[in-house]
Amino acid sequence: MVTAGPPVGVLSLQGDVREHVRVLADLGAEVTLVRRPEELARVRGLVLPGGESSVIDKLSRGFGMREPIRAAIAGGVPVFGTCAGLILLADRILDGIVGQQTFGGLDITVRRNAFGSQVDSFETELDVPALGSPPVPATFIRAPLVEELGEGVTALARLSDGRVVAVEDGPLLGTSFHPEVSGERRFHQRFLDVVRAS
Ligand code: GLN
């Protein structure tokens, strides 16, 4: 059964906005494209898409969205970031471009483009105990890695060598990979469950 709402937004400055909108709408959310503070004020949760974090950073400053997003995160609004979106949620970034900023909120250090040039895109299956079975099909595209996790941040998924690729801290959720392009809906469902409960 599809129930109405909740109203959630996808930050629509750059990146794979449409893919997120499709998954969220399929799960019954009322989805708004967020480019302006007024649009952000209308939603109860926000998705930061994959794309290019340095571009989304610059555009968010240009559109006057940086401080409203930081205020929303500080106020406990649930936010789900994938790939570039995870970078934007991180308190600390390694290998960013000169002057690159993040919104922050998640007490983690991410390394941008962590997988090097030959293998900067790959697909794999991940065990994500919090989501149960089956394993998650995960698409990595010039993906970041989570290199340090602060207290209170949970690692939700790891590569077979132990490196962390999905994290959660209360209302903040982030993945190095793109569930929105692999047909995986359980992360978006988890985000919507948190929005509904908030
Ligand atoms: N490498 C990109 C960045 O730095 C992220 C890539 C992605 O979102 N697929 O933002």
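In what follows, the structure referred to is the one given above.
Quick summary incoming for the structure in this document. (Residues numbered from 1 in each chain as written. Predicted model: local features only at pLDDT ≥ 70, side-chain atom pairs only at ≥ 80, totals over all residues. Heavy atoms only, no water.)

Topic: the pattern of salt bridges
For step 1, the next point in the chain: Taken as a whole and judged by the stated rule, the model has twelve salt bridges.
For step 2, the next point in the chain: A salt bridge links R111 to D95, with the nearest nitrogen and oxygen atoms 3.1 Å apart. Taken as a pair, R111 in strand β6 (residues 106–111) and D95 in the loop between β5 (90–94) and β6 lie far apart in primary sequence, 16 residues in all.
For step 3, the next point in the chain: In this structure, the salt-bridge partner of R196 is D193, at a minimum N-O distance of 3.9 Å. Pair noted here: R196 and D193 are both in helix α7 (residues 186–197), with a separation of three residues, about one helical turn.
For step 4, the next point in the chain: Exposure remark for R196: the relative accessible area of 34% places this residue in the partly exposed category.
For step 5, the next point in the chain: By relative accessible area, which is 41% here, D193 ends up partly exposed. (Salt bridge = Lys/Arg side-chain N within 4 Å of Asp/Glu carboxyl O. Helix = DSSP H or I, 4+ residues; strand = E, 2+ residues; numbered from the N terminus. Buried < 20%, exposed > 50% of the residue type's maximum accessible area, 1.4 Å probe, protein only.)

What to know about the side chain of S176
For step 1, the next point in the chain: By the element assignment, S176 lies in the loop between β12 (172–175) and α6 (179–182).
For step 2, the next point in the chain: Reaching out from S176, the side chain makes a polar contact with the backbone oxygen of P144 at a distance of 2.7 Å. (Polar contact = N/O pair within 3.5 Å; in protein donor to acceptor, adjacent residues only side chain to side chain.)

As for the site of the ligand
For step 1, the next point in the chain: Lining the immediate surroundings of the ligand are G50, G51, E52, S53, C83, A84, I87, R112, N113, I141, R142 and H178.
For step 2, the next point in the chain: Within the contact set of the ligand, an oxygen atom lies 2.5 Å away from a backbone nitrogen or oxygen of S53.
For step 3, the next point in the chain: Contact distances for the ligand include 2.9 Å between a nitrogen atom and a backbone N or O atom of R142.
For step 4, the next point in the chain: Bound to the protein, the ligand loses 95% of the 300 Å² it would expose on its own.
For step 5, the next point in the chain: Considered class by class, the residues forming the shell around the ligand number four nonpolar, five polar and three charged. (Near = heavy atom within 4 Å. Areas by Shrake-Rupley, 256 points an atom, 1.4 Å probe, with all protein chains shown as cover. Nonpolar A, V, L, I, M, F, W, Y, C, P; charged D, E, K, R; others polar.)

Things to note about the nonpolar core
For step 1, the next point in the chain: Counting residues in each nonpolar core, the largest one holds 30 residues, and the members touching the most others are L126, F140, F177, F187 and F191.
For step 2, the next point in the chain: The element that contributes the greatest number of residues to this core is α7, accounting for four residues. (Core = buried A, V, L, I, M, F, W, Y, C linked by side-chain atoms within 4.5 Å.)

Some details on the side chain of E184
For step 1, the next point in the chain: The topology assignment puts E184 in the loop between α6 and α7.
For step 2, the next point in the chain: Residues in contact with E184, not counting those within four places in the same chain, are V136, P137 and P179. (Contact = heavy atoms within 4.5 Å.)

Distances and angles like these do not, on their own, reveal function.
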